[in-house]
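# An overview of the molecular structure
Spelled out from the first residue to the last, the chains are:
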Amino acid sequence: MTLSSRRHHGHGPSRRRTQEERRSRTQASLLEATMECLVDLGWSGTSTTEVARRAGVSRGAQQHHYPTKMVLVAAALEHLLEAQRLAYETAFANLPPERRNVSGALDLLWDVFRGRPARALTELAVAARTDDELRPLCRDLNERILQVILDVFERLFPETRLHADAVPTMLRSVFAMFVGLSIQNALDDDADGHQAAVLRQLKDVARMIVPQPETP
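Residues numbered from 1 in each chain as written. Predicted model: local features only at pLDDT ≥ 70, side-chain atom pairs only at ≥ 80, totals over all residues. Heavy atoms only, no water.

### So, the pattern of salt bridges
Going by this rule: Here, a salt bridge means any side-chain nitrogen of Lys or Arg that lies within 4 Å of a carboxyl oxygen of Asp or Glu. Here a helix means four or more residues in a row that DSSP labels H or I, a strand means two or more in a row labelled E, and each is numbered from the N terminus. Exposure categories follow from relative accessible area, calculated using a 1.4 Å probe and restricted to protein chains: below 20% of the type maximum is buried, above 50% is exposed, and the middle band is partly exposed.
Scanning the model with the defined rule gives 14 salt bridges in all. Between Arg54 and Glu50 there is a salt bridge; the shortest N-O distance is 2.8 Å. Of the two residues, Arg54 and Glu50 are both situated in helix 3 (residues 48–55); the distance of 4 residues between them amounts to about one turn of the helix. With a shortest N-O distance of 2.5 Å, Asp204 and Arg207 are connected by a salt bridge. One end of the pair, Asp204, and the other, Arg207, are both in helix 11 (residues 194–209), 3 residues apart, so they sit about a helical turn from each other. Given the relative accessible area of 35%, Arg207 is considered partly exposed.

### Section: unusual backbone geometry
Its identity is not glycine, yet Asp189 carries a phi of approximately 50°, on the positive side. If you trace the backbone, Asp189 turns up in the loop between helix 10 (166–188) and helix 11.

### Remarks on the confidence of the model for the chain
Spelled out, the test is: By definition, pLDDT measures how confident the predictor is in each residue, and it falls between 0 and 100. Residue contacts follow a heavy-atom distance rule, with two residues in contact if any of their heavy atoms lie within 4.5 Å.
Averaged over every residue, the pLDDT of the chain is 87; residues scoring 70 or more account for 92%. No element of the chain has a lower mean pLDDT than helix 1 (residues 3–10), at 49, and none a higher one than helix 3, at 97. Low pLDDT (under 50) marks residues 1–7, which in the prediction has 1 contact with non-local residues, meaning those over four places away or in another chain.

### Digging into the packing of aromatic side chains
The criterion, for reference: Here is the rule: rings of Phe, Tyr and Trp (six-membered ring for Trp) pair when centre to centre is within 6.5 Å. Planes less than 30 degrees apart are stacked, more than 60 are edge-to-face, and the remainder are tilted.
Taken as a whole and judged by the stated rule, the model has 3 aromatic pairs. Judged by centre distance (5.5 Å) and plane angle (65°), the ring pair of Trp110 and Phe178 falls under edge-to-face. One end of the pair, Trp110, is in helix 6 (residues 102–114); the other, Phe178, is in helix 10, with 68 residues separating them in the sequence. Of the two residues, Trp110 and Phe178, neither departs from the other in class, the shared state being buried. Considering the side-chain rings of Phe113 and Phe178, the 5.5 Å spacing of their centres and the 85° angle between planes classify their relative orientation as edge-to-face. You can see Phe113 sitting in helix 6 and its partner Phe178 sitting in helix 10, a full 65 residues away along the chain. Neither Phe113 nor Phe178 differs from the other in exposure class; each is buried.

### Focus on helix 7 (residues 116–128)
What counts here: In this analysis, the expected span of each helix is defined as 1.5 Å times one less than the number of residues it contains.
Relative to the 18 Å expected for 13 residues at 1.5 Å per residue, helix 7 spans 18 Å between its end C-alpha atoms, a close match to the ideal helical length. Of the residues making up helix 7, those classed as buried are Ala118, Ala120, Leu121, Leu124, Ala127 and Ala128.

### What about the packing of helix 5 (residues 69–93) against helix 7?
When two helices pack together, their arrangement is given by the angle between the helix axes and the distance between those axes. For clarity, the cut-off: Axis definition: a line fitted to C-alpha atoms, over the contacting stretch in the case of helices. Angles run 0 to 180 degrees between N-to-C directions. Roughly parallel here means an angle under 35 degrees, roughly antiparallel means over 145, roughly perpendicular means 65 to 115, and every remaining angle is called oblique. Each helix crossing is assigned a hand: it is left-handed if the near helix lies turned anticlockwise from the far helix by less than a right angle, otherwise right-handed if that turn is clockwise.
Here helix 5 crosses helix 7 at 140°, and the two axes come no closer than 9 Å. Taken together, the axis directions place helix 5 and helix 7 in an arrangement best described as oblique. The handedness of the crossing between helix 5 and helix 7 comes out as left-handed. Of the residues in helix 7, those in contact with Val73, Leu77, Leu80, Leu81, Ala83 and Gln84 of helix 5 are Pro117, Ala118, Ala120, Leu121 and Leu124.

Structure follows, in structure tokens:
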């Protein structure tokens, strides 16, 4: 094999795959670090410098992938939405059969709302109220999260006692309730049990609306 052919071989598909894998790993690290910054430091404390430090990459590498804070946050927002959807679907799929019902689904949804991806999204939504540059990115954030919840709900519970047009409104109510509860939970970790009481009452109502699957 000649030197020129060896050089050509070294720039083939294998090397491209390695570069793509490295690029994907770096981007994933930056997006995860953005989430951690939003949760730990809030919107005002999140900077590209701190994100790069937490991700373990240079500022130059960070700027290569995401040139500005807004470009980085826009990518992180998509990453967080997908993480939320996968977390809920995976957790429900792993539930034992006897808990694969509306009560189990609400428990899992509550877990998702208290998780770090959801807290990062809430931080963005609250900050967007007074940040003119961030607001356009978050304008439809709630609707997108609601759509994820609706898609999952319709797959898990195809039959309810509600008219089909009423399901989105019901889920919107649950979403609004969980947003409020999760903000309070971030402050007191339900020290007095009030959030748990609300969740128990919500389950009682939900069981009257959503037929329970038969347990094998």
